[in-house]
Amino acid sequence: MSMDFEVTMNEYLPLRDVVFNTLRRAILRGELKPGERLMEIQLANKLGVSRTPIREAIRKLELEGLVLMIPRKGAEVAEITEKNLRDVLEVRCALEELAVQLACDRIDRARLRELHAAAAHFKEVLGNADITELAEADEAFHDVIFQATGNNRLIQLLNNLREQMYRYRIEYLKKKECYPQLLKEHAQIMHAIEEHNKEKATEITTQHINNQVDTVVDTLRHR
């Protein structure tokens, strides 16, 4: 089992939550890979905790669909599946459409400057071989739109979905032939928000997400 993920301690969280957040992040970022077994003793040693919070975290990860319990084998990281991708993206599409509509109504000049800066940074790192940096730049662009809604509940839900999307976002960003379309869609979304054009912003956002679905599904089917 790979052990190259980092533990993020938080004095305000119970230990079981720290362990859960650490393992969840490692799975979503691909540091613990699909099909990899989660050995309680090794994880306990790695994180410097007893096996109890490890067991509790694995149970919660199973409820989230990130871990599977295999008879006579134990826990292992769930595979990336087309069903999971579609489930997450159906919800994300609806919420991002709402977010971009609210942003059209509520965005101010300061946020617009942030959006332009985020789009420019994404374009700048596009040629970078570091997929993680590229994924973070893509997330930062969308995060400006989320923040522009001023709706903390919506932001919270979208951030949770963003974490669940991370594995699929990485798969998408591996496809360099998609980069020109990705840049074009970012520019179109930004322009529509600037023009307060809800209909256009919604249309491009839906297209943006559907393109990701099609690309990742094609990747999964040809593995």
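Throughout what follows, the structure given in this document is the object of discussion. Each chain has its residues counted from 1, running along the sequence as written. Confidence filtering applies because this is a predicted model: local features only for residues at pLDDT of at least 70, side-chain atom pairs given and counted only at 80 or more, and all residues used for totals across whole chains, interfaces and linings. Remark: hydrogens and water are excluded; side-chain values derive from all non-hydrogen atoms of the structure.

**Some words on the packing of helix α1 (residues 15-28) against helix α3 (residues 51-63)**
Every axis in this analysis is a line fitted to C-alpha atoms, fitted for helices over the stretch in contact. Angles between the N-to-C directions lie between 0 and 180 degrees. For the purposes of this entry, the term helix denotes a DSSP run of H or I that reaches at least four residues, the term strand denotes a run of E that reaches at least two, and both are numbered from the N terminus. Put simply, α1 and α3 touch, their axes get as near as 8 Å, and they point 50 degrees apart. By the criterion of interaxial angle, the relationship of α1 to α3 is oblique. Between α1 and α3 the crossing geometry is right-handed. Together, L15, R16, D17, V19, F20, L23, R24 and I27 of α1 and P53, I54, E56, A57, K60 and L61 of α3 make up the contact between the two elements. By the convention adopted, Pro, Cys, Tyr, Trp, Phe, Met, Ile, Leu, Val and Ala count as nonpolar, Lys, Arg, Asp and Glu as charged, and the other residues, Gly among them, as polar. Taken together, the residues of the contact of α1 with α3 sort by class into nine nonpolar, no polar and five charged. Geometric relationships in this document are graded by angle, where less than 35 degrees denotes roughly parallel, more than 145 denotes roughly antiparallel, 65 to 115 denotes roughly perpendicular, and other angles denote oblique. Note on convention: the crossing is left-handed when the near helix lies turned anticlockwise from the far helix by less than a right angle, right-handed when the turn is clockwise. Here, residues are in contact when the closest pair of their heavy atoms is within 4.5 Å.

**A look at the pattern of salt bridges**
By convention in these notes, a salt bridge is any Lys or Arg side-chain nitrogen within 4 Å of a carboxyl oxygen on Asp or Glu. Summed over the entire model, instances satisfying the criterion amount to 17 salt bridges. Note that D17 and K60 form a salt bridge whose closest N and O atoms lie 3.8 Å from each other. Placement of the pair is D17 in helix α1 and K60 in helix α3, with a sequence separation of 43 residues. On the basis of relative accessible area, D17 is assigned to the buried category, the value being 19%. A simple rule labels every residue: compare its accessible area, found with a 1.4 Å probe on the protein chains alone, to the largest value its type can have, and call it buried under 20%, exposed over 50%, or partly exposed in between. For K60, a relative accessible area of 37% puts it in the partly exposed group. Of the charged contacts, one joins E82 and R86 as a salt bridge, the two residues approaching to 3.3 Å between their closest N and O atoms. In this pair, E82 and R86 are both assigned in helix α4 (residues 82-106), four residues apart and thus about one turn of the helix distant.

**What to know about the state of the cysteines**
Here, a disulfide means two cysteine sulfur atoms that sit within 2.5 Å of each other. Considering all chains together, one arrives at zero disulfides under this definition. No disulfide involves C93; its sulfur sits 15 Å from that of C104, the nearest cysteine. Classification of C93 by relative accessible area gives buried; the value is 12%. Among the cysteines around C178, which has no disulfide bond, C93 carries the closest sulfur, lying 17 Å off.

**Re the side chain of R92**
As for its position among the elements, R92 is in helix α4. Relative accessible area serves as the criterion here: at 3%, R92 is assigned to the buried category. Leaving out residues up to four positions away in the same chain, R92 has contacts with H142, L161, M165, R169, I209 and Q212.

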